[in-house]
Amino acid sequence: MAYASHIINHSKKLKNVPNLLRHQHACLVRWFSNDTCFFFNKKDAAEKEKFSSTATNNTVSLFGASRKNVSRTIMQVGIPMAGPLLMKGFSCSQVQSRRGYSSDSGLPPHQEIGMPSLSPTMTEGNIARWLKKEGEKISPGEVLCEVETDKATVEMECMEEGFLAKIIKGDGSKEIKVGEVIAITVEDEEDIPKFKDYSPSASDGAAAAKGPATSTPPPPPKEVVEETVSSPEPKISKPSATPEDRIFASPLARKLAEDHNVPLSSIKGTGPGGDIVKADIEDYLASRGKEVSAAAPKAKDTTPAALDYVDIPHSQIRKVTASRLLLSKQTIPHYYLTVDTCVDKLVDLRSKLNSLQEASGGKRISINDLVIKAAALALRKVPQCNSSWTDNYIRQYNNVNINVAVQTDNGLYVPVVKDADKKGLSKIAEEVKYLAQKAKENSLKPEDYEGGTFTVSNLGGPFGIKQFCAIVNPPQSGILAVGSAEKRIIPGFGPDEFKFASFMSVTLSCDHRVIDGAVGAEWLKAFKGYIENPESMLL
């Protein structure tokens, strides 16, 4: 009867057991209050220390704990859970969360929301802004906040009903590790004030950031580190000079010689036993026209004027761009092919098409739109350039998806025009303008820039760059650098005739592991054919 009364009195704390067991791949630790911790027999009590030590390294269910072994419920998840949040437009987000239960510390049941992982390369993110405030009710489908990832800004949606009790990381928080707690939610509104001064423990934050399945070796003992630091360097014995090579001089003479850069080997000593004394140094200086009494003091070290500078923090997109381009130049064997293409016919065709576009209310077609179309058709004709390198095989893509480099105030973005070989020029022009605007507004979603197979970078039209070499965007194997068009004098039909023509320089950067030189040249030949005979792109 005593056991039954204990269970009935504390049934409220046992009602969460089904919810705990519902999570697969989870190891649960149940901690009860002092009044509910008991043992059924002496054997259970004898095993207390064994179970307690096991729970230190492995999370287990501890039912027969002593009265003083009380704390709270801890849940560790073996894999990242699809928790209470979902990234809008990105269904495969991994949201790490932990649910805490009522304890003797006075904290009611709550949910710890961690920074989600939105891409395979993401290790940290920023909070752009919170759309919900502390104390507000949240419902499934409502947007909680905007997360700035390494490539875009994504909205975070809620999937469970409750109340936003505490915002741990406010607007503008930077470099938040994946899994680090950013907010607390509760089910009951009256529990919100209890989290006013709540802050996650450092151990919980570290465990969430590293992942439950990751184990790291314990740090070395402090004594060992101190001993290593304080240990003297090994002494290197220098060969002692022979008596014949040794120069004897008084300390004052040595000091005076050192101050005036006088080599002792050039002075003959007049002291006892041939030692060099102060008078010998003074005589030597006098013979060189320098009096010791009038010797100028040493010039004081002058430090250059401090530079005036400003430290600009790295943005997420800048960090990713730097790491990917560094990886590309260090691991991909680049080579470059350049060709000049006559664009007179291309310019004429563009003028005619824009007249039709203006009449129908469509978007104007740019030279870059025609370049994207020509590059896509050349990739379809030479599919070896539409490939990627892996350790075991070369993957050749059937889709021709062209990434277009767009420079913004935040950094360099490369939105993708998918199936560019199958789309018309009008459709390509609309998509490029739409994606470029989203990039400048920092509102690109993962589907707007993922899945590209080839990249086009144009610095000619906007900036007037004649020719440049671009860096391959991994895992792609090629990128086309487009320069500006310039008028040149070329031979005419007669022996003494000349005419003007506009030429545009383009440079193809290739991954030599995938694209051989002859294959790259074949692709450029096909590209040049489409540019110089643009009507063939309309067939």
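All figures in this text were calculated on a predicted structure; none of them were measured in a lab.

1. Quick look at the overall build of the chain
Alright, step 1. A tally of regular secondary structure across the chain gives 16 helices and 22 strands.
Alright, step 2. Taken across its 539 residues, the chain has 40% of its residues classed as buried.
Alright, step 3. Once local pairs closer than 6 in sequence are excluded, the contacts in the chain between residues at least 24 apart make up 64%.
Alright, step 4. Accessible surface, the chain as shown: approximately 31,900 Å² in total, 55% of it carbon and sulfur.

2. Overview of the packing of helix H12 (residues 367–381) against helix H13 (residues 425–440)
Alright, step 1. Following both chains from N to C, one finds H12 and H13 inclined at 115°, their axes separated by 9 Å at the closest point. Classified by chirality, the crossing of H13 by H12 is right-handed. Two secondary-structure elements touch here, H12 through Asp369, Leu370, Ile372 and Lys373 and H13 through Leu425, Ile428, Ala429, Val432 and Lys433.
Alright, step 2. Looking at the contact of H12 with H13, its residues break down into 6 nonpolar, no polar and 3 charged.

3. Considerations on the pairing of strand E6 (residues 124–130)
Alright, step 1. With respect to burial, E6 is a largely interior element, 5 of its 7 residues being buried.
Alright, step 2. Where E6 lies against strand E11 (residues 176–177), 2 bridges are found, and the strand directions are antiparallel. Within E11, the residue paired with Glu124 across the bridge is Lys177.

4. Some points on the pattern of salt bridges
Alright, step 1. Tallied over the entire structure, the rule returns 20 salt bridges.
Alright, step 2. Notably, a salt bridge pairs Glu486 with Arg488, separated by 3.2 Å at the nearest N-O pair.
Alright, step 3. Among the residues examined, Glu486 registers a relative accessible area of 29% and is labelled partly exposed.
Alright, step 4. Residue class for Arg488 comes out partly exposed when judged on its relative accessible area of 24%.
Alright, step 5. Connected through shared salt-bridge partners, Glu124, Glu175, Lys177 and Lys319 make up one network.

5. Some remarks on the UniProt feature "domain: Peripheral subunit-binding (PSBD)" (unreviewed entry) in the chain
Alright, step 1. Listed under "domain: Peripheral subunit-binding (PSBD)" (unreviewed entry) in the UniProt record, and renumbered for this structure, are residues 248–285.
Alright, step 2. End-to-end, the C-alpha atoms of residues 248–285 are 19 Å apart, and along that stretch the chain is 45% helix and 0% strand.

6. Describing the packing of aromatic side chains
Alright, step 1. This model, assessed by the stated rule, comprises 3 aromatic pairs.
Alright, step 2. Between the aromatic rings of Phe195 and Tyr198, the centroid separation amounts to 5.6 Å while the plane-to-plane angle is 70°, which identifies the pairing as edge-to-face. Exposure class is identical for Phe195 and Tyr198. Each is buried.

7. Topic: helix H10 (residues 316–331)
Alright, step 1. Over its 16 residues, H10 runs 23 Å from end to end, which matches the ideal 22 Å to within 8%, given 1.5 Å per residue.
Alright, step 2. Those residues of H10 lying buried are Gln316, Ile317, Val320, Thr321 and Ser328. What you see down the axis of H10 is that its buried residues fit within an arc of 125°, all on one side.
Alright, step 3. The secondary structure elements touched by the buried residues of H10 are E6, strand E8 (143–148), strand E13 (334–342) and strand E18 (412–413).

8. A word on the side chain of Lys373
Alright, step 1. Among the structural elements, Lys373 can be located in helix H12.
Alright, step 2. It is Asp421 that comes nearest to the buried, bridge-free Lys373 among opposite-charge side chains, at 6.9 Å.
Alright, step 3. A distance of 2.7 Å separates a polar atom in the side chain of Lys373 from the backbone oxygen of Lys423.
Alright, step 4. If we ignore the near neighbours within four places in the chain, the residues touching Lys373 are Ala420, Asp421, Lys422, Lys423, Leu425, Ile428 and Met537.

9. A look at the confidence of the model for the chain
Alright, step 1. When pLDDT is averaged along the chain, the result is 76; 69% of the residues meet or exceed 70.
Alright, step 2. Across residues 1–10 the pLDDT falls below 50, and counting only partners more than four positions away or on other chains, this stretch makes 9 contacts in the model.

10. Thoughts on the environment of Pro462
Alright, step 1. Following the sequence through the fold, Pro462 ends up in helix H15 (residues 460–463).
Alright, step 2. Separated by 21 residues in sequence, Pro462 and Gly483 place their C-alpha atoms 9.7 Å apart.

11. Thoughts on helix H8 (residues 251–259)
Alright, step 1. Those residues of H8 that fall on the buried side of the exposure criterion are Ala253, Leu256 and Ala257. The arc that holds every buried residue of H8, seen down its axis, measures 100°, which confines them to one face. Of the exposed residues in H8, those oriented more than 90 degrees away from the buried face are Pro251 and Glu258.
Alright, step 2. Those residues of H8 hidden inside the fold are in contact with helix H9 (278–287).
Alright, step 3. A positive phi of about 55° marks Asn261, the residue just after H8.

12. Observations regarding the pairing of strand E22 (residues 498–511)
Alright, step 1. E22 sits mainly inside the fold: 11 of its 14 residues count as buried.
Alright, step 2. The pairing of E13 with E22 spans 9 bridges and is classified as antiparallel. The residue of E22 that forms the bridge with Tyr335 is Cys510.
Alright, step 3. As paired strands, strand E21 (residues 478–491) and E22 are joined by 12 bridges and run antiparallel to one another. The residue bridging Ile490 from the neighbouring strand is Lys499, located in E22.
Alright, step 4. Here E21 folds back onto E22 in antiparallel fashion, the turn holding 6 residues.

13. Describing the nonpolar core
Alright, step 1. Counting 54 residues, the largest nonpolar core has Val371, Ile402, Phe454, Leu480, Val506, Trp523 and Phe527 as the members making the most contacts within it.
Alright, step 2. It is H12 that contributes the most residues to this core, 9 residues altogether.
Alright, step 3. Excluding residues that lie within four positions of it along the chain, Phe527 makes contacts with Val371, Ala374, Ala375, Ala378, Leu480 and Val506.
Alright, step 4. Grouped together as the second largest cluster of nonpolar side chains are 19 residues, Ile127, Ile138, Cys145 and Cys158 included.

Parameters and conventions
- As a convention, each chain's residues are numbered from 1 in the sequence order in which they are written.
- The predicted origin of the model limits local features to residues at a pLDDT of at least 70 and limits the giving and counting of side-chain atom pairs to 80 or more, whereas totals for whole chains, interfaces and linings rest on all residues.
- Heavy atoms from the whole structure form the basis of all side-chain values; hydrogens and water molecules are not counted.
- Each helix corresponds to a stretch of at least 4 residues labelled H or I by DSSP, and each strand to a stretch of at least 2 residues labelled E; elements are numbered beginning at the N terminus.
- Here's how the labels work: a residue is buried when its accessible area is under 20% of the maximum for its type, exposed when over 50%, partly exposed in between, all with a 1.4 Å probe on protein chains only.
- Note on contacts: a residue pair qualifies if any of its non-hydrogen atoms lie within 4.5 Å across the two residues.
- Using a 1.4 Å probe, accessible areas were evaluated by the Shrake-Rupley method; residue-level cover was limited to the displayed protein chains.
- Helix axes are fitted to C-alpha atoms over the stretch in contact, other axes to C-alpha atoms as well, and angles between N-to-C directions run from 0 to 180 degrees.
- Less than a right angle of anticlockwise turn of the near helix away from the far helix marks a crossing as left-handed, whereas a clockwise turn marks it as right-handed.
- Each residue is assigned to one class: nonpolar for Ala, Val, Leu, Ile, Met, Phe, Trp, Tyr, Cys and Pro, charged for Asp, Glu, Lys and Arg, and polar for all the others, Gly among them.
- The pairing criterion is simple: DSSP has to find at least two bridges between the two strands.
- Salt bridge, as used here, is a side-chain nitrogen of Lys or Arg placed within 4 Å of a carboxyl oxygen of Asp or Glu.
- UniProt positions are given in the numbering used here, feature names are shortened, and annotations may be inferred rather than shown by experiment.
- Think of it this way: a Phe, Tyr or Trp ring, Trp meaning its six-membered ring, pairs with another when their centres are within 6.5 Å, and the plane angle makes it stacked under 30 degrees, edge-to-face over 60, tilted otherwise.
- To estimate how far a helix should reach, multiply one less than its number of residues by 1.5 Å.
- What the arc covers is the set of directions going from the helix axis to the C-beta atoms.
- The sign given to each residue is positive for Lys and Arg and negative for Asp and Glu; His and the chain ends receive no count.
- Within 3.5 Å is the distance limit for a polar contact, defined as a pair of N or O atoms, with the added protein rule that one can donate a hydrogen and the other accept it, and that residues adjacent in sequence qualify only through two side-chain atoms.
- The score called pLDDT rates the predictor's confidence residue by residue, from a low of 0 to a high of 100.
- Among buried residues, the Ala, Val, Leu, Ile, Met, Phe, Trp, Tyr and Cys ones that are joined through side-chain atoms within 4.5 Å form a nonpolar core.

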